[in-house]
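Residue-level listing of the chains:
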Amino acid sequence: MMDDLDPGCDWVTAATRMATGFSGGCGNTRQELCGALSGGVMVIGALFGRSSLDEDDEPAIDLAVRYRERFLEAFGHTQCCELRDKVVNAPGGLGTCGALVERAARILIDVLDEET
């Protein structure tokens with residue numbers, strides 16, 4: 001869990017750097033999983049993931065499943081190009097990926113709140 005993380009590490013910078021390539025559905029291809037969904041799963045892993053193969057991964061897996069289900073329920077898609085076409089840029093849509101990321105973060109917070 002988070003208590004195991006090195007307090008001397010700048011985790012915000014490290015996580016931001018690690019997540020950069022997920023933007024735009026993996027390298028801006030728009031063909032893969034939405035970067036907001038990927039980022040949320042990374043947060044779940046950082047908070048509840050295992051630190052060795054001998055540890056139980058069920059808490060993180062269960063949360064990732066719930067987060068994905070809620071994301072899919074809210075937006076109808078998980079693939080970047082589908083989300084951009086049908087949720088972000090559609091008439092009356094969210095207008096920007098930033099708005100989608102904000103809503104995805106709220107979904108993640110709700111899922112994590114249920115766990116605490």
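Residues numbered from 1 in each chain as written. Predicted model: local features only at pLDDT ≥ 70, side-chain atom pairs only at ≥ 80, totals over all residues. Heavy atoms only, no water.

Taken as a whole, this structure holds zero disulfides when the rule is applied. In this structure Cys-34 is a free cysteine whose sulfur lies 6.2 Å from that of Cys-80, the closest cysteine sulfur available. We note that Cys-80 lacks a disulfide partner, and the nearest cysteine sulfur, in Cys-97, lies 5.9 Å from it. (Disulfide = S-S within 2.5 Å.)

The next point concerns the pattern of salt bridges. In a structure, side chains of opposite charge can pair up when their charged atoms sit close to one another. Tallied over the entire structure, the rule returns five salt bridges. Across the pair Glu-82 and Lys-86 runs a salt bridge whose closest N-O atoms are separated by 2.6 Å. Of this pair, Glu-82 and Lys-86 both sit in helix α4 (residues 80-88), four residues apart, roughly one helical turn. The class for Glu-82 is partly exposed, based on a relative accessible area of 22%. Taken together, the shared-partner salt bridges connect Arg-66, Arg-70 and Glu-114 into one network. (Salt bridge = Lys/Arg side-chain N within 4 Å of Asp/Glu carboxyl O. Helix = DSSP H or I, 4+ residues; strand = E, 2+ residues; numbered from the N terminus. Buried < 20%, exposed > 50% of the residue type's maximum accessible area, 1.4 Å probe, protein only.)

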